[in-house]
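# Structural features, examined
As a plain string of letters, each chain reads:
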Amino acid sequence: QNVMWNILTGMGVDISTGQIANIILGNKGVDFESEMDAARIAGMEKQDHVGIDDTGARIVGKDGATIVTGNDYFAAYRTNPSKNRLAACTALAGVSELRYCLNKTAIKYIDEKIRNKNLVRMLRKMVSDLLYSEAEFSLKILGLPLVKNQITAWKKHIRDASAIGALRSKFIPARTSILICDDAP
């Protein structure tokens, strides 16, 4: 904390080493996650685009990925054990547990990815704006007889699609219409 104090006071910030310790230890009631989430939402509302990128990370000795999101008004990062669409959705939504929504956005994605039109038709009948937790989604959607017996790739598409559906309808402001990414469609 002395190094931080030297840097901050050298920049003209009036702060004590005790204040730095309280910030680091969280003893002042500062809720950084809430502040970061508010900054993320405000930044998304200011511009119509959000950039997303990733870099490798080590988590307790295992490979992972740090996903960075941002635009001209905010930057946020989240480290995950894997790099995939669900990890990207988690970073964009700024949540630790994803939610799922089998809405029109999800069905459009599912229709493009899954060739079993009976399955797509059945899922289309279930379209709603309900948000499901991981457990609820696994039970109520992936646990359906027609879904449960499908190939793993199709179940992955249904999960990805529903995470994107929830993200677009509940977690990304309507103003944000463009996601900029270097290596994913």
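Preceding this paragraph is the structure being described.
The present account deals with the structure reproduced in this document. Quick caveat, the model's predicted, so the values are computed rather than measured. Once a new chain begins, its residue numbering starts again from 1 and follows that chain's sequence as written. In view of the model being predicted, local features appear only for residues whose pLDDT reaches at least 70, and side-chain atom pairs are presented and counted only at 80 or more, with totals across whole chains, interfaces and linings using the full set of residues. The side-chain quantities take in all heavy atoms of the structure and omit both hydrogens and water.

## Overview of the pattern of salt bridges
- Basic side-chain nitrogens of Lys or Arg form a salt bridge, by our definition, when they fall within 4 Å of a carboxyl oxygen of Asp or Glu. Applying the stated criterion across every chain yields a total of 8 salt bridges.
- Between Asp 54 and Lys 83 there is a salt bridge, and its shortest N-O distance comes to 3.4 Å. With Asp 54 in strand β1 (residues 49-59) and Lys 83 in the loop between β3 (74-80) and α4 (85-93), this pair connects stretches of sequence that are 29 residues apart.
- You can call Asp 54 partly exposed: its relative accessible area is 26%.
- Between Arg 58 and Asp 63 there is a salt bridge, with its nearest N and O atoms 2.7 Å apart.
- Classification of Arg 58 as exposed rests on a relative accessible area of 56%.
- The buried label goes to any residue with under 20% of its type's maximum accessible area, the exposed label to any with over 50%, and the partly exposed label to all in between, with areas taken from a 1.4 Å probe on protein chains only. With relative accessibility at 60%, the residue Asp 63 sits in the exposed group.
- Through salt bridges with shared partners, a single ionic network connects Asp 111, Lys 117 and Arg 124. Helix and strand assignments follow DSSP, with helices taken as H or I runs no shorter than four residues and strands as E runs no shorter than two, numbered in order from the N terminus.

## Here we look at the sheet that holds strand β2 (residues 62-71)
- The criterion for strand pairing is that DSSP finds at least two bridges linking the strands in question. Strand order across the open sheet formed by 4 strands is β3-β2-β1-β4, with mixed pairing between neighbours. The open sheet has two edge strands, β3 and β4 (178-181), and neither has a second partner. When the angles between neighbouring strand axes are averaged without regard to direction, this sheet yields 25 degrees.
- Sheet topology note: the β1/β4 ladder contains 4 bridges and is parallel. Paired with His 49 across the strands is Ile 178, a residue of β4.
- Contacts: residue pairs with any heavy atoms within 4.5 Å of one another. To get an axis, a line is fitted to the C-alpha atoms, and for a helix only the part in contact is used. The angle between two axes follows their N-to-C directions and goes from 0 to 180 degrees. The strands that α4 touches are β1, β2, β3 and β4; relative to β2, the one it contacts most, it runs at about 45 degrees.

## A closer look at a nonpolar patch on the surface
- Patch membership requires over 30% relative accessible area and the absence of a salt bridge. Like charges are linked within 9 Å, and nonpolar side chains (Val, Leu, Ile, Met, Phe, Trp, Tyr) within 5 Å. With residues, only the protein chains shown are counted as cover, and all accessible areas are computed by Shrake-Rupley using a 1.4 Å probe. Together, Val 3, Ile 7, Met 11 and Val 13 make up an exposed nonpolar region whose accessible area comes to about 400 Å².
- Mapped onto the elements of the fold, Met 11 is located in the loop between α1 (2-10) and α2 (17-25).

## Considering the packing of helix α5 (residues 104-113) against helix α9 (residues 152-171)
- The geometry of α5 relative to α9 is characterised by a closest axis approach of 7 Å and an angle of 150 degrees between their N-to-C directions. Looking at the two axes, α5 sits roughly antiparallel to α9. You can see that α5 and α9 cross each other, and the crossing is right-handed. In contact with Thr 105, Ala 106, Tyr 109, Ile 110 and Lys 113 of α5, α9 contributes Trp 154, His 157, Ile 158, Asp 160, Ala 161, Ser 162, Ile 164, Gly 165 and Arg 168.
- Split by residue class, the contact of α5 with α9 holds 7 nonpolar, 4 polar and 3 charged. An angle counts as roughly parallel when it lies under 35 degrees, as roughly antiparallel when it exceeds 145, as roughly perpendicular when it falls between 65 and 115, and as oblique in every other case. Here a crossing is called left-handed whenever its near helix is offset anticlockwise from the far helix by less than a right angle, and right-handed whenever the offset is clockwise. Nonpolar residues are Ala, Val, Leu, Ile, Met, Phe, Trp, Tyr, Cys and Pro. Charged residues are Asp, Glu, Lys and Arg, and all others, Gly as well, are polar.

Any functional reading would require information beyond the geometric quantities listed.
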